[in-house]
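Per-entry structural report
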Amino acid sequence: MFSVVIPTYNRANLIKRCIESVVRQTYQNWEALIVDNYSDDNTAEIISSFHDERIRYYKNHNYGVISVSRNFALEKSNGDWICFLDSDDYWASNKLERLLPYLNDFDIIYHGYESNMVRRLLGNSRRLFYTVKEPAVAYVLQRGDPFNPTCTAVSKFCIGDIRFSEDKDLYAIEDYDFFLQLLLKHPRIKHLKEYLAFYDVTTGVSHNQKEHLNRSRLIYLKYKHLLTKNEFRNVLKLYMFLRGVNYIHTDLKKACKYLKIGVYSDVKEVRLLSCKWLLIAYIFRLLDIFRT
């Protein structure tokens, strides 16, 4: 059985779509644990309209830390596998069925998503992520987090007593830390190269890129002792690349400065992305010159 963990707060306009995507799964052995941070809209009314005993609705104060809600649901879960689903996202109807062939041979299964983000020029609103290789922690830290919770399923045995950090300093990046802790256990990982989720890009704090980057540094420092000096240099180059992308629409001079650093990464993926976004930055700069 799959346990679907759905934290929510004031998502009355979206949570019906989210729940329906679970109810309509072609594989039906699941339970959904919805943990509501005491919404003050009509979230409760919408959830109660689903007359399905597999849907369990809880109210629990998380005091602004989504980890509290996820950890609460983990304690209440009965499934063999845990799936995470944010209440503003939703799944393809065959998502759980597509996971079935891999459950006996793997501990973590992740897949791609389609988002509602409109990308400019060479961007894409579909993401498949990359395939994680050993040594997994170092590999992931040098390339960025491939585990979007909505796109990831984990065996409950693998999770064991690991929980999401409730440290407010890691807010909006606690899932990255959670999956890094799992990788320390050397789990068997399956990358399913399909788009099985639909990810809503909202205006929430997790999409404030400047804050997100600042929190990322805490992750880098926490796991620095597991990296060689050269691996950590690649992590810093990844960070500079991400800063450069963050400046694309606000300060093209700074964007080019940071993206140039990413070009010298030893990691092929970061190097190629840095070249792509550096090209975009130069095109924007030329367009600005012509407009001027």
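Below you will find a few notes about this structure. Within any chain, residue numbers begin from 1 and follow the written order of that chain's sequence. Per-residue local features are limited, in this predicted model, to residues with pLDDT of at least 70; the limit for side-chain atom pairs, both in listing and counting, is 80 or more; totals at the level of whole chains, interfaces and linings are taken over all residues. Excluding hydrogens and water, the side-chain figures rest on all heavy atoms present in the structure.

Quick look at the overall build of the protein chain now. From N to C terminus, the protein chain includes eleven helices and nine strands. The C-alpha atoms of the protein chain give a radius of gyration of 20 Å, which matches the 19 Å a tight globule of 292 residues would have. Projected onto its principal axes, the C-alpha positions of the protein chain cover 60 × 45 × 35 Å. Counting across all 292 residues of the protein chain, residues that qualify as buried make up 50%. The contact criterion used is simple: two residues touch if any of their non-hydrogen atoms lie within 4.5 Å. Pairs at least 24 residues apart make up 74% of the contacts formed inside the protein chain by residues separated by at least 6 positions. Carbon and sulfur atoms provide 52% of the accessible area of the protein chain, an area that totals close to 14400 Å². Charge separation in the protein chain, taken as the distance between the mean sites of 42 positive and 34 negative side-chain charges, equals 10 Å. Working definition: helices are DSSP H or I runs of at least four residues, strands are E runs of at least two. Numbering for both runs from the N terminus. The globule rule used for comparison is 2.2 Å times the number of residues to the exponent 0.38, while the radius of gyration itself is calculated over C-alpha atoms. Three exposure classes are used, based on accessible area relative to the maximum for each residue type with a 1.4 Å probe and protein chains only: buried under 20%, partly exposed in between, and exposed over 50%. In short, Shrake-Rupley with a 1.4 Å probe defines the accessible areas, and a residue's cover is counted only from the protein chains shown. We count Lys and Arg on the positive side and Asp and Glu on the negative side, and we leave His and both chain ends out. Charge positions come from single atoms, namely NZ of Lys, CZ of Arg, CG of Asp or CD of Glu.

A few words now on helix α7 (residues 174-183). Most of α7 is tucked away: nine of the ten residues are buried. Within α7, the full set of buried residues consists of Glu 174, Asp 175, Tyr 176, Asp 177, Phe 178, Phe 179, Leu 180, Leu 182 and Leu 183.

Turning next to unusual backbone geometry. Between Glu 134 and Pro 135 the backbone carries a cis peptide bond, its omega angle lying at -5°. Backbone geometry at Tyr 63 places phi at a positive 50°, although glycine is not the residue there. Summarising the element assignment, Tyr 63 is placed in the loop between β3 (55-59) and α3 (66-76).

How two aromatic rings sit relative to each other is set out by the distance from centre to centre and by the angle between their planes. For Phe, Tyr and Trp, rings pair up if their centres lie within 6.5 Å, where Trp contributes its six-membered ring, and each pair is then called stacked (planes under 30 degrees apart), edge-to-face (over 60) or tilted (otherwise). A full pass over the atoms with the stated rule returns 16 aromatic pairs. A centroid spacing of 5.4 Å and a plane angle of 90° characterise the contact between Phe 84 and Phe 164, whose relative ring orientation is edge-to-face. Of this pair, Phe 84 sits in strand β4 (residues 81-84) while Phe 164 sits in the loop between α6 (156-159) and α7; the two residues are 80 residues apart in sequence, bridging distant segments of the chain. As far as burial versus exposure is concerned, Phe 84 and Phe 164 are alike and both buried. Here a set of aromatic residues connected by ring pairs shows up, and it is made of Phe 84, Tyr 110, Phe 147, Phe 164, Phe 178 and Phe 179. Over the face of the ring belonging to Tyr 195 we find Arg 126, whose NZ or CZ atom lies 3.8 Å from the ring centre. Each ring is checked for a lysine NZ or an arginine CZ that lies within 6 Å of its centre and within 35 degrees of its normal; such an atom marks a charge sitting over the ring. The ring of Tyr 139 carries the charged tip of Arg 143 above its face, separated from the ring centre by 3.5 Å.

What follows is about the packing of helix α8 (residues 209-222) against helix α9 (residues 229-246). Throughout, an axis means a line fitted to C-alpha atoms (over the contacting stretch in the case of helices), and angles, computed between N-to-C directions, take values from 0 to 180 degrees. In contact at an axis separation of 10 Å, α8 and α9 are set at 175° when each is read in the N-to-C sense. Between α8 and α9, the crossing angle belongs to the class labelled roughly antiparallel. Facing α8, whose interface residues are Gln 209, Lys 210, Leu 213, Asn 214, Arg 217, Tyr 220 and Leu 221, α9 presents Phe 232, Val 235, Leu 238, Tyr 239, Leu 242, Arg 243 and Asn 246. Three classes are used, and their members are as follows: Ala, Val, Leu, Ile, Met, Phe, Trp, Tyr, Cys and Pro are nonpolar, Asp, Glu, Lys and Arg are charged, and the others, Gly among them, are polar. By residue class, the composition of the contact of α8 with α9 is eight nonpolar, three polar and three charged. By definition in this entry, angles of less than 35 degrees are roughly parallel, angles greater than 145 are roughly antiparallel, angles of 65 to 115 are roughly perpendicular, and the rest are oblique.

Here strand β2 (residues 30-36) runs beside β3; their pairing, made up of five bridges, is parallel. Looking across to β3, one finds that Val 35 is bridged to Tyr 58. DSSP bridges decide pairing: two strands pair if at least two such bridges lie between them.

For this document, the term salt bridge refers to a Lys or Arg side-chain nitrogen within 4 Å of an Asp or Glu carboxyl oxygen. Scanning the model with the defined rule gives 14 salt bridges in all. As a salt-bridge pair, Asp 88 and Arg 11 come within 3.5 Å of each other at their nearest N and O atoms. One end of the pair, Asp 88, is in the loop between β4 and β5 (90-91); the other, Arg 11, is in the loop between β1 (2-8) and α1 (15-23), and 77 residues separate them in sequence. In this structure, Glu 174 engages Arg 70 in a salt bridge whose closest nitrogen and oxygen atoms are separated by 3.2 Å. Note that Glu 174 is positioned in helix α7 and Arg 70 in helix α3, a separation of 104 residues in sequence. For Arg 70, a relative accessible area of 3% gives the class buried. One connected set of salt bridges, linked through shared partners, spans Arg 70, Asp 86 and Glu 174.

Nothing here speaks to function; it is all geometry.
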